[in-house]
Amino acid sequence: MSLFRKYRSQYGRSFSIAVVFLMFEALADLLQPAILAIIIDKGVQAGDMHTVYWCGGLMLLVTAFGAVCALLRNLLSSRVSQRFGAELRSDLYQKVQSLPYNEIDKLDRASLITRLTNDVTQIQNFVNGLMRIFVKAPLLGIGAVIMAVRLNPPLSVILIAVVPIVALLIAMNLRIGFPRFARVQQVLDRMNGYTRDFLSGIRVVKAFNRYDDEALKFEHSNEAYRQANEQAMRGMAIFNPLIALTVNIGIILILWVGGLRIDHGQMQAGHVVAFINYMQQILFSLMTISMVFNMFVRAKSSAGRVAEVLSKPGSPTGEQLPMPDPSGKVCISFQKVSFSYEGSTGEPVLHNLTFSVARGETVGIIGSTGSGKSTLVSLIPRFYDPTSGTVFVHGMDTKQADPASLRCRMATVPQQAVLFSGTIKDNIRWGNEEATPEQIKEAAAIAAAHDFIAATPHGYDTIVGQGGVNFSGGQKQRLSIARALVRQPEILILDDCTSALDVVTEAKIKAALKKRAGHVTCLLIAQRMSSVMDADRIIVMDEGRIAGIGKHEELLNNCRVYQEIYRSQWGKESDQHAAAAQL
């Protein structure tokens, strides 16, 4: 495949050297039956011990030479295959990291894990096998046929009859095996998906006492994987015995015909022994080739799945985002923007949005679930490109901007707080690797996280469990906010990231943000009206359209959707508002 050309050019020389050593090893194996025939015919039968000793010593030297070649070939093949596998896995991982969101959305996460692990390992094992025995097998088989024909042409007719039958069996093996092993990989993807869902949601499973149901789902997927593997193996199992049977019938015919020719004085016993050895080498060769095709069908399926990811378009490129113009007032501008996750042919989730956000302005975005709030802000850091219309950041069309230059000037706190394994300090510094301890503490203080961090036995060196399992939902959200703030961004996007906080804590965070980060342009998405009502302006979303833009009081008077949200929430939150207002 053209996608693997890079690895051929990088490892081709080492691969070729390993194959040369393998050829010498095969040559040593092919010479031994011929030397054995000389020992029997000219040494043992003639009683010539000098020939026996001389040829025996030569046979030992040839064997030692083959062993040295095998050692060097093993060392080289292990080195090449391991480095190739590591680099392929790294390139695949980096490719996944660089994929735009619309491409990642098309790939199942469990399938990506399988491709990074199982599929790369299958390809690596096949490459390692090529340098160890796979190339040796056809060389040994062809060489054994040539040596046998030169040794005794009449008897070689048996070989000429046996080899085509075995070749037909191998071709049938390949045709039957490939689709079956492709299905094995697909079923493995599904099983990994069930495993991932269960492990990521194990608390919910236990809370609802649904362990038996999840165990049953996994059992079904595990059983499907077993059946797919069994079906593939069953289809392949018949071929190796048939190949062995065909070759052994050939050996029996050689013994029979060879015995008749020896009895008539037309052939020497050493030739028959050598011929049987060559026949066994051919058997080994053909059995290995059959095994090669079994591994090939798996590796081919895996290579296709890996190539599918590597061939996808990478992250879009563009120009560096310019520094903000000191005289310019507009930071973000949407001009007649529409967007669909399926492209121009799909159903739009955003319709003809036009608005602008001034530098240093805090804009709240509110609306019902599914109204397009998160989709709207995902266009700003160029996670997606608009289907039509234009998004401007600092006066530059985001389609013309390099995504990395956009995102390094922004910070996003997603709906679902994500923490990584490591310490609290590492998680906050993740937003800015060069952040000092003072900057980390300042960001934590703004996010109202410093107090609970300081209360832990190890403070900022407290280990974060997988996914932040040792922290509450509100604590994880505050750490995520601190991670964004330590970046000191020009644009801060808060995507409903205070939903797990009480109103008092939320009010503290907003007050600290306004006091210490007043120069930051902030877009605040929320479901609760209390989260956005004191923003400079509020955008009201309804079914992918802007239903209203203005301050809280203005929208209460002239926006029907905002009025409905107010009526549905205000009664429930009036006491909390009163408590927050006293801060």
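Residues numbered from 1 in each chain as written. Predicted model: local features only at pLDDT ≥ 70, side-chain atom pairs only at ≥ 80, totals over all residues. Heavy atoms only, no water.

Draft legend 1. Geometry of the overall build of the chain. Helix and strand content of the chain: 19 helices and 12 strands. A compact globule built from 583 residues would reach a C-alpha radius of gyration of about 25 Å, whereas the chain, at 35 Å, exceeds it by more than 25%. For the chain, the spread of C-alpha atoms along the principal axes amounts to about 115 × 45 × 45 Å. Expressed as a percentage of its 583 residues, the buried residues of the chain come to 47%. When contacts within the chain are restricted to residue pairs at least 6 apart in sequence, long-range pairs at least 24 apart make up 78% of them. Taken together, the 59 basic and 49 acidic charged side chains of the chain have centroids lying 5 Å from each other. (Helix = DSSP H or I, 4+ residues; strand = E, 2+ residues; numbered from the N terminus. Rg over C-alpha atoms; globule rule 2.2 N^0.38 Å. Buried < 20%, exposed > 50% of the residue type's maximum accessible area, 1.4 Å probe, protein only. Contact = heavy atoms within 4.5 Å. Lys, Arg positive; Asp, Glu negative; His and termini not counted. Charge placed at Lys NZ, Arg CZ, Asp CG, Glu CD.)

Draft legend 2. Expanded view of the environment of Gln 466. Here Gln 466 lies in the loop between β8 (463-464) and α16 (473-485). Sequence separation between Gln 466 and Ile 262 is 204 residues, and the spatial gap between their C-alpha atoms is 76 Å.

Draft legend 3. Local environment of the domain arrangement of the chain. Split into domains, the chain comes out as domain 1 (1-151), domain 2 (153-266), domain 3 (328-409 + 491-567) and domain 4 (414-488). Put simply, the middle of domain 3 and the middle of domain 4, counted by C-alpha atoms, are 25 Å apart. Both faces combined, the contact of domain 3 with domain 4 buries some 1300 Å², and carbon together with sulfur accounts for 64% of it. At the boundary of domain 3 and domain 4, one finds zero salt bridges. There are three residue pairs in polar contact (both at pLDDT 80 or more) connecting domain 3 and domain 4. When contributions to the side of domain 3 that touches domain 4 are tallied by element, the ones reaching two or more residues are β9 (491-495) and α17 (503-516). In terms of residue count, α17 provides more of the side of domain 3 that touches domain 4 than any other element does, five residues in total. When grouped by side-chain class, the residues that make up the side of domain 3 that touches domain 4 number eight nonpolar, four polar and four charged. (Domains from an automatic or database assignment. Buried area = accessible area lost by both parts, 1.4 Å probe. Salt bridge = Lys/Arg side-chain N within 4 Å of Asp/Glu carboxyl O. Polar contact = N/O pair within 3.5 Å; in protein donor to acceptor, adjacent residues only side chain to side chain. Nonpolar A, V, L, I, M, F, W, Y, C, P; charged D, E, K, R; others polar.)

Draft legend 4. Broad picture of α16. The end-to-end C-alpha distance of α16 is 19 Å, a good match for the 18 Å that 13 residues give at a rise of 1.5 Å each. Of all 13 residues in α16, 11 are buried; the element is thus mostly enclosed. Taken as a whole, α16 has its buried residues at Gly 474, Lys 476, Gln 477, Arg 478, Leu 479, Ser 480, Ile 481, Ala 482, Arg 483, Ala 484 and Leu 485. (Expected span 1.5 Å × (residues − 1).)

Draft legend 5. A look at the sheet that holds strand β11 (residues 537-542). What the six strands build is an open sheet, ordered β6-β9-β10-β3-β11-β12; its pairing is mixed. This sheet does not close on itself; its edge strands, each paired only once, are β6 (410-413) and β12 (545-550). Mean inter-strand twist for the sheet, computed between neighbouring axes without regard to direction, equals 15°. On the sheet, α16 packs against β6 and β9 and is oriented at approximately 175° with respect to β6. (Pairing = 2+ DSSP bridges. Axes fitted to C-alpha atoms, helices over the stretch in contact; angles between N-to-C directions.)

Draft legend 6. Region of the structure containing the packing of helix α2 (residues 49-98) against helix α4 (residues 109-134). Between α2 and α4, the least distance of the axes is 9 Å, while the angle of their chain directions is 155°. In terms of axis orientation, α2 runs roughly antiparallel to α4. Considering only the axes of α2 and α4, their crossing is right-handed. Classifying every residue of the contact of α2 with α4 by side-chain character gives 13 nonpolar, 10 polar and four charged. (Parallel < 35°, antiparallel > 145°, perpendicular 65-115°, else oblique. Left-handed = near helix turned anticlockwise from the far one by under 90°.)

Draft legend 7. Expanded view of the sheet that holds strand β5 (residues 396-397). Taken in spatial order, the four strands of this open sheet run β2-β1-β4-β5, and their pairing is antiparallel. Single-partner strands in this sheet number two, and they are β2 (350-358) and β5. Note that strand β4 (residues 388-393) and β5 share two bridges and pair antiparallel. Across the sheet, the residue bridging to Val 393 is Met 396, located in β5.

Draft legend 8. Region of the structure containing the pattern of salt bridges. Applying the stated rule across the entire model yields 13 salt bridges. Here Lys 312 and Glu 103 are joined by a salt bridge, their closest N and O atoms 3.3 Å apart. On the criterion of sequence distance, the pair formed by Lys 312 in the loop between α10 (269-310) and β1 (330-339) and Glu 103 in helix α3 (residues 101-104) is long-range, its members being 209 residues apart. Glu 230 serves as the salt-bridge partner of Arg 226, at 2.6 Å between the closest nitrogen and oxygen. Of this pair, Arg 226 and Glu 230 both sit in helix α8 (residues 211-237), four residues apart, which is roughly one turn of that helix. Each of Glu 223, Arg 226 and Glu 230 takes part in one network of salt bridges that share partners.

Draft legend 9. View of the environment of Ala 443. Among the structural elements, Ala 443 can be located in helix α14 (residues 437-446). Ala 443 sits in the buried class, given a relative accessible area of 4%. Along the chain, Ala 443 and Leu 140 lie 303 residues apart, while their C-alpha atoms are 69 Å from each other.

Draft legend 10. Expanded view of a nonpolar patch on the surface. Residues Ile 238, Leu 242, Leu 245, Ile 249, Leu 253, Trp 256 and Leu 260 make up a contiguous nonpolar surface patch of roughly 650 Å² in combined accessible area. Considering the arrangement of structural elements, one finds Leu 242 in helix α9 (residues 239-263). (Patch = residues over 30% accessible without salt bridge, like charges linked within 9 Å, V, L, I, M, F, W, Y side chains within 5 Å. Areas by Shrake-Rupley, 256 points an atom, 1.4 Å probe, with all protein chains shown as cover.)

Draft legend 11. Expanded view of the nonpolar core. Ile 428, Ile 453 and Leu 492 are the most contacted members of the largest nonpolar core, which has 45 residues in total. Shared between two domains, this core takes at least three residues from each, and those domains are domain 3 (328-409 + 491-567) and domain 4 (414-488). Not counting the four nearest positions on each side in its chain, Ile 453 is found in contact with Ile 424, Ile 428, Ala 444, Gly 459, Tyr 460 and Leu 479. Within the second largest apolar cluster, 31 residues are counted, among which are Ala 144, Leu 155, Leu 159 and Ile 251. (Core = buried A, V, L, I, M, F, W, Y, C linked by side-chain atoms within 4.5 Å.)

Draft legend 12. Geometry of the packing of helix α1 (residues 5-44) against α2. Packing of α1 against α2 brings their axes to within 8 Å, and their N-to-C directions diverge by 160°. It follows that α1 is roughly antiparallel to α2 by the angle criterion. Both α1 and α2 take part in a crossing whose hand is left-handed. Looking at the contact of α1 with α2 residue by residue, the class counts come to 27 nonpolar, eight polar and eight charged.

Draft legend 13. Molecular detail of the packing of aromatic side chains. Within the structure shown, the criterion is met by 11 aromatic pairs. Residues Phe 339 and Tyr 384 carry aromatic rings whose centres are separated by 5.4 Å and whose planes lie at 55° to one another, so their mutual orientation is tilted. On the criterion of sequence distance, the pair formed by Phe 339 in strand β1 and Tyr 384 in the loop between α11 (373-378) and β4 is long-range, its members being 45 residues apart. Residue classification places Tyr 384 among the buried positions, given a relative accessible area of 10%. Grouping aromatic residues by their ring pairs yields a cluster made of Tyr 101, Phe 339, Tyr 341, Phe 383 and Tyr 384. (Phe/Tyr/Trp six-rings, centres within 6.5 Å; stacked < 30°, edge-to-face > 60°.)

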